[in-house]
Every structure is written in C-alpha cells, then in structure tokens.
Amino acid sequence: MRPLRLMFEGFGSYRDRTDVELHDVDFFVLTGPTGAGKSTVIDALCFALYGTVPRWGKGNVIRNALAPSVNEGRVCLVFEAAGGRYAAVRLLRRSAQGAVQTKEARLDRLDASVPPDADLTKILEAVVESRAEGDKVTAAVSELLGIGYEQFTQCVVLPQGRFAEFLQAKPGDRQDLLIQLLAYAVYEDVGQRARERAKLAANKLTMTEKQLNELGTVTGEVVAAASQRVADLDALGPRVAAAVETMAEVRERWKEANLATKTAREHLADLGGLRRPGDVVDLATRLADADEQVTRRVAERGAAEEAEAAAEAECADLPEQTDLARWRDAHTRLTTLTSRLERLRSDAADADAAEQAAAAEFTRAEDALAAAESAQTAADRAHRAVALAADLVEGEPCPVCRQQVHDLPHHAVPADLDAARAAVKAAKSQVTSLRKAHADASRAAAAAKTEVEGAERQSAELTAELRTAPPLAEVESALAKREAADAGVERARTRARAARRAAEEAQRQRTALGDEEQRAWAALRASRDRFVGLGAPSVDGADLAAAWQSLLTWATTQRDELTGRVTDLEQAERDLLAQGTAARAELSALLGEHGIALPDRESPEAVLATALVNARRDLAELVSRRSRSATLAEEVAQCREEEQVARMLGNLLKSNGFEAWLCAEALESLVTEASEILMQLSGGQYELHRDAKNDLVVLDHNDAGTTRPVNTLSGGETFQASLALALALSHQVVGLSGGKRDLNSMFLDEGFGTLDESTLDTVAATLERLATETERMVGIVTHVPALAERVPVQFAVTRDGASSHLRRVEV
C-alpha cells in the first residue's frame with residue numbers, strides 16, 4: 001500500500017481542508033510543536049482505511065474524530081495497492097445529541113490514467129468499480145491489503161506508545177501476526193483441501209471397488225459363445241429371407257384371388273339390385289302434353305304482340321297528350337285573364353282619381369293650419385302677461401324679478417286666444433287625418449297599377465304561347481281522340497303481358513320436365529357405368545323405356561355367368577391361404593431351432609434382426625464389461641494412491657505444525673537482520689535473539705554477554721529494538737510472503753527523542769537506505785531537528801486558535 005493523496009477536513013484538530021500530496025515522495029517527516037497535529041495526519045491515513053485510530057483506544061470509538069465545534073468531517077485517501085489505484089473515503093457527522101457517526105464510507109477502484117497531481121475531485125470521479133460501501137469497507141480494505149487493522153498498526157503504522165507491541169508480543173500472538181502478514185494461512189487451507197481430497201478419493205475408491213464387484217467375472221469362453229451365436233444368426237439370414245420371399249409370393253397371389261372374389265361378389269350384388277324407376281313410362285306422356293302447351297301459348301303471345309304494335313302505331317300519328325292538355329289550359333287561362341284585365345284597369349283608374357282628390361284635400365288642410373297658427377301667434381303677443389303667468393311655478397324664482405313665487409297669479413284668458421288655440425288644434429288634427437288618407441290612396445293606386453301590369457304581362461305570355469296552337473275546339477277534339485287511343489294501347493299491352501307470362505310459364509314447365517328427363521337419362525347412364533367393366537351395352541337413343549329394358553336384359557344374362565365364376569374364385573382363395581399357413585409354420589420351426597419365437601403378425605425378418613441386434617448387444621456388453629473391469633482395476637489403484645498421498649499431506653499440515661515451522665523460520669530470518677540493525681543502533685551493545693520458546697531476548701555485550709528479556713530494556717533501548725525489528729520486517733516481507741504481501745510504506749510516530757546523536761545518525765541512514773534502495777515510502781513524526789533536517793521532504797505542522805495547518809517544505 002503506497003499513499004498518493006491524503007485529504008481531510010474537520011478531522012481532529014484540522015478544521016480546514018488539508019490536501020497532502022505524497023505521489024512524488026519517498027521519505028518525508030512531519031515536524032512541529034507538541035499538540036500541533038502531526039500525529040493526526042497519520043491518524044487520518046489509518047482512519048480512511050480502517051475507520052478507527054490506535055490513539056482512540058477501542059476500535060469503534062470515533063467521538064474524537066471531528067474537530068471541536070465542527071458538525072461534519074471528511075477523510076479521503078488515494079493509494080496504490082495490488083497493482084491498482086483505489087480511494088477510501090469516509091464522511092463523519094455529529095448528530096443533534098452530539099454523537100459522532102460515520103454517515104458514509106466507500107472503497108472505489110479508480111482510473112490510474114488520471115495524473116496523481118490532478119484536481120482531487122477529478123481523481124475521485126474517475127471510478128472504474130465500486131468495491132464496497134458502508135460497513136463493508138473495512139473488510140474490503142483488509143482483503144485488498146492482505147492485513148487487518150491490528151497487523152497494519154504493528155507493521156505499517158507504528159503509533160506513539162505502541163512501538164514495542166510486536167517486539168514484546170507473546171509468541172502465539174506474534175505467530176498469528178506473521179501468519180496473516182506473510183500469507184502463511186494458505187498452508188492451513190492447503191492442508192484442509194488435502195484432507196478433503198483424501199476423503200473424496202476414499203469415497204471414490206469405495207464406489208469403484210463396488211462397481212468392479214458388481215461387474216463380476218467375464219471369461220473368454222462366455223465371450224466366444226456369444227460371438228458364435230452372432231455368427232449363427234448372421235448365417236440364418238439368407239434362409240429366412242428366401243422363406244419370407246416365398247411367403248410373400250403366396251400372399252400376393254392370395255390377395256389377387258381375394259380381390260377378384262370380392263369384386264365378383266360385389267358385381268353380382270350390384271346386378272341383382274339393378275331396377276328400372278317406376279315413373280319412366282309416365283314421364284313420356286307428360287313431356288308430350290308440355291310441348292303442346294308451349295306451342296299454343298307461343299301462338300297466343302304472337303297475336304297479342306301484333307295487336308299491341310298496331311295500337312301503338314295508331315297512337316303515334318296523334319299529337320302528344322301533354323301538348324294538347326297544355327294548349328287547352330292556356331286557352332282557358334287566357335279567356336279568364338282577358339275578363340279580369342278589364343276589371344283591373346277600371347279599378348286602377350278609380351284609384352288614381354281618389355289619390356288626386358285626397359292630395360287636394362290635404363293641401364287645403366295644410367293651408368288652413370298655417371292660417372290658424374298665424375292667428376295664434378298674434379293673440380299670444382297681445383296677452384304676454386297671461387302667457388308669463390302660465391309659466392310660473394310655486395316656490396321657484398320669477399324669471400323677471402328673480403323673487404320666489406309664493407302664490408300663483410290667476411288671469412282670465414281672453415276668448416280670442418282660446419279660440420285661436422282651438423282652431424290650431426283642430427287644423428293639426430285635420431292635417432294628420434288627411435295625410436293618412438292621402439298615403440292610403442297613393443298605396444292603393446300603386447297596387448292597382450302593379451296588378452294591371454302583371455295581368456298584361458301574363459296575357460302577352462299566353463298569347464305568345466298560343467300563337468302556333470289550334471283553336472280551342474280543335475284542341476278539345478284532338479285531346480278526346482288521344483285519350484281513346486291511349487286507352488286502346490294500354491289494353492293491348494295488358495293482353496300482351498298476360499300472353500307473355502303464359503308462354504313463359506308453359507316454357508318453364510317444359511324445362512322442368514326436361515330437367516327431370518335429363519336426370520332420368522343420367523340415372524340410367526350411371527347405372528350402366530357401374531358395369532362398364534363387365535361389358536354393359538350403350539344406352540344412347542330417344543326411348544328411355546327401351547334403353548332401360550335393354551340394360552335389364554343384359555344384367556340378367558351377366559348375373560347367371562358370375563354365379564359360377566364366384567364359386568371357382570373362392571376355392572382358389574382357400575388353396576392359397578393353406579399354402580401360406582404351411583410356409584409360415586416351416587419358418588417358425590427354423591427360427592425355433594435357434595431359440596427365436598415367431599409371434600403372430602410379426603415379420604420374420606424383423607424378429608431375426610431383433611434377435612441379431614440383441615446378440616450383438618450382448619456380445620458388445622460382455623466385451624465392454626471385460627474392458628470396464630480392467631479400467632476399474634486401474635482406477636482402484638489410482639484412487640488408492642491418490643487417497644494415500646492426500647491423507648499424508650493433510651496429516652503433515654495438520655494442527656498448524658507446518659505454519660509454526662514456517663513462522664519460526666521467518667522469525668529467525670527477521671531476528672537475524674533486526675539483530676544486525678540493533679547492533680548498529682546500539683553501538684555494538686545489543687544483539688536480538690529468540691529463545692527455545694520463541695520469546696525475543698537481547699544479548700548485552702556490555703554485561704558480559706548476558707541474555708535478558710526484551711521487556712527489561714529501557715525506553716530508549718526498547719525503541720531501538722522495536723525499530724530494528726520493524727525495519728527488518730518491512731525489508732523482508734515481500735520475500736518471506738512469496739510476493740503476496742508488499743508493505744511498501746512505513747510510518748513511525750515519535751520515539752526518536754530517546755536516541756543519542758550517534759544512534760540518531762544511524763537511524764537516519766537506515767531509514768534513508770530503506771526508502772531509496774527498496775522504493776518504500778517512509779514517513780516519520782519527530783521533534784528532533786537533527787533528524788528532520790536529513791529528510792528531503794518536510795511537512796511543517798502549525799496550529800492557531802481555530803485549526804491545525806500543514807505546509808510542505810522542500811529541504
């Protein structure tokens with residue numbers, strides 16, 4: 001696992017977003033004051049992967065994850081592992097009650113073509129596959145890296161206060177760690193599979209032996225006898241085929257005889273059933289009557305059609321009845337219109353005279369009204385006071401003095417003013433009455449004139465229409481002749497229609513008899529056609545009764561001849577049946593000699609073929625059983641060997657003995673390299689060994705080579721020994737795990753302050769060599785300036801009142 005980008009926001013002491021780029025770093029250091037937030041960076045890396053941090057104690061305690069007064073935090077780690085690029089993202093949120101929970105977690109495989117220094121959002125969006133979400137992320141990370149949280153915090157991240165866990169662990173716990181870390185658990189799986197393979201092989205061995213016993217023993221004599229039977233049945237085939245051919249010939253001859261007998265019987269029965277229909281004689285009489293009726297009706301139809309044609313010719317010489325009726329109506333209307341026109345002209349003259357008289361009276365009335373109105377005007381001038389008083393209203397101001405009128409004045413109206421007003425009123429009434437009378441007279445005169453003009457127009461039209469017409473007397477005479485002629489034509493047509501219907505009915509009846517005659521001839525021919533094969537005579541001619549008699553005479557003669565022939569055919573059929581029965585009995589006996597039964601209605605060749613197939617199948621089965629026995633014997637030997645090998649391997653890998661041996665060898669290799677590193681770190685004072693119980697001990701050369709447990713070392717000495725063991729483990733993990741584990745990162749948190757200057761220089765050189773020679777990423781957290789100065793990439797951590805801050809410093 002090699003980190004490329006680490007981003008955290010609202011995590012621990014970091015309120016603000018912090019993005020740490022590690023893709024171009026092999027060896028870096030986190031520096032800063034105590035409590036600035038250096039270890040929180042390593043915590044963020046561990047939390048992104050496993051959802052917890054060693055410093056928090058219990059694995060499920062995350063209440064310290066969020067920065068103070070922050071309600072939401074996010075941690076994201078982009079890293080490389082197992083040949084791919086991945087991103088582990090976790091989102092933290094504080095509830096209303098103050099509890100901190102992981103609200104979102106996911107592990108995604110990313111597209112490695114996106115540059116690692118690109119915008120982090122772009123990197124995270126390039127998802128190729130979602131590997132896990134929620135609670136399944138931690139397990140997915142453990143499966144991907146091959147180690148769980150406990151192994152990760154002892155071999156990859158060595159946090160504060162826990163450097164010595166692997167060094168001081170119990171042998172069993174250390175062995176479990178190595179098994180997981182070095183992928184030695186595979187041998188336990190190999191042992192389990194070997195034992196399962198042994199069980200399967202044992203079961204297969206039992207089943208194979210059972211099959212071998214069930215097959216039994218097949219000797220060569222049994223196979224030879226089966227082979228001889230096949231040969232005998234093969235030789236029997238031609239004899240059976242010849243017998244079957246003979247039987248087939250007899251069967252065909254019998255079928256022909258049977259068919260001839262059957263046909264003769266059928267012909268005899270048909271000849272006996274031949275009868276002449278009872279109505280054949282009566283049919284001729286009815287046909288003669290029908291022909292006579294058709295002749296008479298056709299003659300009557302011809303006479304009626306000639307009378308119809310003569311009447312129509314006579315009618316054609318007369319004018320059309322419609323023209324005559326139209327002329328008569330026009331004469332009548334013109335006579336009536338002439339009388340009416342004279343009356344209308346007289347009425348129009350009277351209306352004109354009345355209109356002129358009304359106009360004169362209306363003019364005189366208008367003149368009288370004008371004279372009355374002039375007299376009234378003169379009277380009004382003379383009596384203005386009376387007129388003014390008439391306009392006063394009680395309570396309103398006077399139009400002359402503008403004083404309010406309290407009492408209306410009363411003036412006697414002079415007689416001459418009243419008379420003038422009455423005269424005007426009477427003149428106006430007279431004008432109105434005469435104006436209406438004049439208007440009515442004008443409308444009456446106009447209407448009379450319009451009616452005269454219409455009558456004159458109609459009279460002109462009728463006169464024009466009758467200009468070429470005969471006089472009324474001639475028209476009425478011609479119309480009477482036409483009506484009489486039309487009546488004669490209608491009577492002739494009625495008689496002609498009746499004659500045609502009668503002729504058609506007679507013809508229909510004759511046709512019906514003709515159909516019956518045709519059916520009778522067809523029945524005769526059908527009866528004769530049934531016996532054409534017997535040489536029946538033809539039935540052509542016009543005499544139906546004679547034709548029937550000829551056919552019946554021939555049938556009587558033919559029936560006598562067929563009676564003797566049927567007797568001969570029946571005897572021949574019986575003889576052939578006896579021959580066939582004898583031939584089948586001989587063939588059945590031949591097959592019986594070879595143990596083959598011939599059932600009724602079964603083909604001998606099919607029975608022999610079935611027996612031959614069975615014999616060959618039995619022979620093949622015997623040969624197969626012999627071959628199968630040999631094969632099963634070989635399988636028994638193979639299964640027995642496979643079961644023994646698998647059982648031996650399963651026993652060798654049983655009870656973790658092989659894993660313990662592997663772990664002991666791996667620990668010996670680790671201790672050997674760690675001892676060399678410890679000798680350098682301790683200035684040649686300490687070597688690291690393991691005792692007979694696999695406990696780790698140190699050899700103190702400054703104390704006469706005294707051996708003592710590692711838990712007796714001081715703090716600084718313990719750090720040296722733990723660091724040596726961690727460096728050796730990081731260096732050898734690829735080789736010891738057979739390439740299945742590659743912990744190409746190591747993060748060390750504090751502990752360097754206990755080292756003297758010389759040891760510190762050795763530690764720095766060792767870490768530099770580990771980072772450059774093995775292409776591992778090494779990250780350390782320290783307060784020691786001398787060590788920090790030797791690291792090429794520094795991340796300076798500071799903290800103000802609100803948040804921690806991280807800044808990259810190139811040395």
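Structure: see above.
Report follows, based on the coordinates.

Reading the values: the criteria
Residues numbered from 1 in each chain as written. Predicted model: local features only at pLDDT ≥ 70, side-chain atom pairs only at ≥ 80, totals over all residues. Heavy atoms only, no water. Helix = DSSP H or I, 4+ residues; strand = E, 2+ residues; numbered from the N terminus. Buried < 20%, exposed > 50% of the residue type's maximum accessible area, 1.4 Å probe, protein only. Contact = heavy atoms within 4.5 Å. Areas by Shrake-Rupley, 256 points an atom, 1.4 Å probe, with all protein chains shown as cover. Salt bridge = Lys/Arg side-chain N within 4 Å of Asp/Glu carboxyl O. Pairing = 2+ DSSP bridges. Axes fitted to C-alpha atoms, helices over the stretch in contact; angles between N-to-C directions. Polar contact = N/O pair within 3.5 Å; in protein donor to acceptor, adjacent residues only side chain to side chain. Phe/Tyr/Trp six-rings, centres within 6.5 Å; stacked < 30°, edge-to-face > 60°. Core = buried A, V, L, I, M, F, W, Y, C linked by side-chain atoms within 4.5 Å. Parallel < 35°, antiparallel > 145°, perpendicular 65-115°, else oblique. Left-handed = near helix turned anticlockwise from the far one by under 90°. Nonpolar A, V, L, I, M, F, W, Y, C, P; charged D, E, K, R; others polar.

**Examining the overall build of the protein**
Then, in step 1: Assigned secondary structure in the protein consists of 19 helices and 15 strands.
Then, in step 2: Here the protein holds 811 residues, and 40% of them are scored as buried.
Then, in step 3: In the protein, the share of contacts with a sequence separation of at least 24, taken over all contacts with a separation of at least 6, comes to 70%.
Then, in step 4: Total accessible area on the protein is roughly 44400 Å²; 51% of this is exposed by carbon and sulfur atoms.

**Here's the deal with the pattern of salt bridges**
Then, in step 1: Summed over all chains, the structure comprises 20 salt bridges.
Then, in step 2: In this structure, the salt-bridge partner of Glu-129 is Arg-109, at a minimum N-O distance of 3.3 Å. One end of the pair, Glu-129, is in strand β7 (residues 127-133); the other, Arg-109, is in strand β6 (residues 100-110), with 20 residues separating them in the sequence.
Then, in step 3: Its relative accessible area of 34% is what places Glu-129 among the partly exposed residues.

**Re the sheet that holds strand β4 (residues 72-81)**
Then, in step 1: Taken in spatial order, the six strands make up an open sheet running β2-β1-β4-β5-β6-β7, and their pairing is antiparallel. The open sheet terminates on both sides in strands that have one partner only, identified here as β2 (18-21) and β7. Neighbour-to-neighbour, the strand axes of the sheet open up by a mean angle of 15°, direction not taken into account.
Then, in step 2: As paired elements, strand β1 (residues 2-9) and β4 share seven bridges and run antiparallel to each other. What sits directly across from Phe-8, in β4, is Val-75.
Then, in step 3: The sheet strands contacting helix α3 (residues 137-145) are β4, β5 (84-94), β6 and β7, and the helix crosses β6 at an angle near 40°.

**With respect to the side chain of Gln-685**
Then, in step 1: Residue placement: Gln-685 occurs in the loop between α16 (657-681) and β9 (686-690).
Then, in step 2: Assessed through its relative accessible area of 18%, Gln-685 is described here as buried.
Then, in step 3: For Gln-685, the side chain forms a polar contact with the side chain of Tyr-686, separated by 3.0 Å.
Then, in step 4: Side-chain polar atoms of Gln-685 contact the side chain of Asp-700, separated by 3.2 Å.

**Things to note about the packing of aromatic side chains**
Then, in step 1: Scanning the model with the defined rule gives six aromatic pairs in all.
Then, in step 2: A centroid spacing of 6.2 Å and a plane angle of 50° characterise the contact between Phe-28 and Phe-747, whose relative ring orientation is tilted. Taken together, the residues span a long stretch of sequence, with Phe-28 in strand β3 (residues 27-31) and Phe-747 in strand β12 (residues 745-749) at a distance of 719 residues. Of the two residues, Phe-28 and Phe-747, both sit in the buried class.
Then, in step 3: The interplanar angle of 25° and the centroid separation of 6.0 Å between the aromatic rings of Phe-79 and Tyr-86 together place this pair among those described as stacked. For the pair formed by Phe-79 and Tyr-86, the shared burial category is buried.

**Examining unusual backbone geometry**
Then, in step 1: In this model, Ala-82 sits at a positive phi of 55°, which is unusual for a non-glycine residue.
Then, in step 2: Tracing the sequence through the fold places Ala-82 in the loop between β4 and β5.

**Side note on the environment of Val-475**
Then, in step 1: Structurally, Val-475 can be placed in helix α13 (residues 472-529).
Then, in step 2: Owing to a relative accessible area of 1%, Val-475 belongs among the buried residues under this scheme.
Then, in step 3: In the structure, Val-475 is positioned 149 residues away from Arg-326 in sequence and 9.7 Å away in space, judged by C-alpha atoms.
Then, in step 4: Apart from residues no more than four positions distant in its own chain, Val-475 is found in contact with Leu-324, Trp-327, Arg-328 and Pro-470.

**Some details on α3**
Then, in step 1: Residues Val-137, Ala-140, Val-141, Ser-142, Leu-144 and Leu-145 constitute the buried set of α3.
Then, in step 2: Positive phi appears at Gly-146, one or two residues downstream of α3, with a value of about 85°.

**A look at the nonpolar core**
Then, in step 1: With 53 residues, the main nonpolar core has Phe-11, Leu-49, Phe-79, Leu-145 and Phe-152 as its most contacted residues.
Then, in step 2: The biggest single contributor to this core is helix α1 (residues 38-50), with nine residues.
Then, in step 3: If you look at the next biggest cluster of nonpolar residues, it comprises 38 residues, including Tyr-686, Ala-721, Met-746 and Leu-770.

**A closer look at the sheet that holds strand β10 (residues 696-700)**
Then, in step 1: Strand order across the open sheet formed by three strands is β9-β10-β11, with antiparallel pairing between neighbours. For this open sheet the edge positions go to β9 and β11 (706-709), each flanked by a neighbour on one side alone. The average angle at which neighbouring strand axes cross in this sheet is 35°, direction not considered.
Then, in step 2: When β9 meets β10, the two strands line up antiparallel, connected through five bridges. Bridge pairing in β10 places Glu-687 opposite Leu-699.

**Describing the side chain of Arg-708**
Then, in step 1: Position of Arg-708 among the secondary structure elements: in strand β11.
Then, in step 2: Of note is the side chain of Arg-708, whose polar atom sits 3.1 Å from the side chain of Tyr-686.
Then, in step 3: Contact partners of Arg-708, with chain neighbours within four places excluded, come to Tyr-686, Val-697, Val-698, Asp-700, Leu-713 and Glu-717.

**Quick look at the packing of helix α8 (residues 220-272) against helix α14 (residues 544-592)**
Then, in step 1: Orientation of α8 relative to α14, taken along the N-to-C sense of each, is 160°, at an axis distance of 7 Å. The angle between the axes of α8 and α14 places the two elements in the roughly antiparallel class. In this structure, α8 meets α14 at a crossing whose hand is left-handed.
Then, in step 2: Here the residues of the contact of α8 with α14 are counted per class, giving 23 nonpolar, eight polar and seven charged.

**Details of the pairing of β4**
Then, in step 1: With seven of its ten residues buried, β4 lies for the most part within the structure.
Then, in step 2: Hairpin connection from β4 to β5: two residues lie between these consecutive antiparallel strands, with Ala-82 at a positive phi of about 55°.

**Things to note about the environment of Ala-372**
Then, in step 1: Here Ala-372 is to be found in helix α10 (residues 321-382).
Then, in step 2: A residue is classified by how much of its surface remains accessible, and Ala-372, at 10% relative accessible area, is buried.
Then, in step 3: Linking Ala-372 and Val-424, residues 52 residues apart in sequence, is a C-alpha distance of 5.0 Å.
Then, in step 4: Not counting the four nearest positions on each side in its chain, Ala-372 is found in contact with Ala-420, Ala-423, Val-424 and Ala-427.

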